[in-house]
Each structure stands twice: as structure tokens, then as C-alpha cells.
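What follows is each chain in one-letter form.
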Amino acid sequence: MIFGNLEFANRYDFLNEKLQRCFSYIQENDLRTFENGVYHIDGDDIFVNVVEYTTTTIENRFWETHKTYIDIHVMLTGTEEIALNFLQNMTEKQPYSEKEDMLLLEGSKNSSVCLKENDFLICFPEDAHCTGIQVSEPQKLKKAIFKIKVD
């Protein structure tokens, strides 16, 4: 996982080309103006989900990871905590859904990050994450979740 701020995204030029395309897309588009939905950048290889939701307690959220896609969570407005752990520290809650590229997990957090406006978090398939956790009280947020197909 990589936690950073878009102001310094140019420092991550060592990342693979697909990840670089996402950072370019962010610079070229005002994602805050996008309606909720899916926007394809390169077919099913790279796309972005723009979502809005209200944060809540960790007990109301779920642990997940993905096998087919890398996630880049980009906070557009609002703040959320994302709890983190490594896949090998978690237990499988349900069988992997290939259709949704979703593996639901159980476990506890090893660490967490607080995403504020313009912060991003890259989660690789080995990074279990639990999103949508309120920082102090429930808050509505808008974020972009880029999905990059693993080669």
C-alpha cells in the first residue's frame, strides 16, 4: 500500500504505466464535478468509480481485498479512516466473488490512514482494507476509486 497526497504525485513516477495513467487522469479532469458512476479510461483495464456515501463506525463496515484489480482511493471531499492489514493476517469470511472481484475478510486492523481532500491510498491485492470509517462523527464524502487490472 502507498499513502500520499496528490500534490506530490509526481514523486511516484517509478510506479507502473497503468498507475501513472490514473494520476494523469486526475490532473486532466476535475473529478469533483463527475456524477456518481463508472468511467472507463482504458476499457476494463483501467476505470474509476466515483462514489458518495456517509462514514460510520467500523462495526458497520466490512473488510475486503481484490485479486484482479489494484485500488487507488482518492478523496475528493470529506474525510474517512481506512483500516488496513495484510491479507495473510486475515481470515476469509466468504468465498471470493470473481464477478465482483471481491474477497470479504474478517480480522482486526494493523494500522489505518485518514484520507482528507486530495489524499490517496493505493491498495494492492495483498492489502486488506476497511473503508468508510468515520473519523469523529459521520460525514458525507465523495471519492474516486480507480481500478487498475493486475498484469
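First things first, this report covers the structure right here in the doc. Quick caveat, the model's predicted, so the values are computed rather than measured.

On to the nonpolar core. F23, L31, I72, V74, F120, I122 and F146 are the most contacted members of the largest nonpolar core, which has 26 residues in total. Of all the secondary structure elements, the ones that give two or more residues to this core are α1 (17–28), β3 (46–54), β5 (69–77), β10 (119–123) and β12 (140–149). In terms of residues, this core owes the most to one element, α1, which gives five residues. Excluding anything up to four places from it in sequence, F146 contacts C22, Y25, I26, L31, I41, F47, V48, I70, D71, I72 and V74. In this structure, Y53, M75, I82 and L84 belong to the second largest nonpolar core, which totals nine residues.

Let's shift gears to the layout of surface pockets. Gaps left between atoms are located by rolling a probe of water-molecule size over the structure's atoms. What the largest pocket holds in volume is close to 390 Å³. Counting residues per element, the lining of the largest pocket draws most heavily on β3, which supplies four residues. The residue makeup of the lining of the largest pocket, split by class, is eight nonpolar, four polar and eight charged.

Below, the discussion takes up the pairing of β3. Judged from the five bridges that link them, strand β2 (residues 37–42) and β3 form a sheet pairing that is antiparallel. Note on β3: the bridge partner recorded for D42 is I46. Bridge analysis of β3 against β12 gives nine bridges, and the strand direction is antiparallel. Bridging across to β12, V51 finds its partner in K143.

Each value, and the rule that gives it
- Residues numbered from 1 in each chain as written.
- Predicted model: local features only at pLDDT ≥ 70, side-chain atom pairs only at ≥ 80, totals over all residues.
- Heavy atoms only, no water.
- Core = buried A, V, L, I, M, F, W, Y, C linked by side-chain atoms within 4.5 Å.
- Buried < 20%, exposed > 50% of the residue type's maximum accessible area, 1.4 Å probe, protein only.
- Helix = DSSP H or I, 4+ residues; strand = E, 2+ residues; numbered from the N terminus.
- Contact = heavy atoms within 4.5 Å.
- 1 Å grid on protein atoms, 1.4 Å probe; cavity = no way out; pocket = protein on both sides within 12 Å on 5 of 7 lines; lining within 4 Å.
- Points joined across faces, edges and corners; volume = space filled by probe spheres on them.
- Nonpolar A, V, L, I, M, F, W, Y, C, P; charged D, E, K, R; others polar.
- Pairing = 2+ DSSP bridges.

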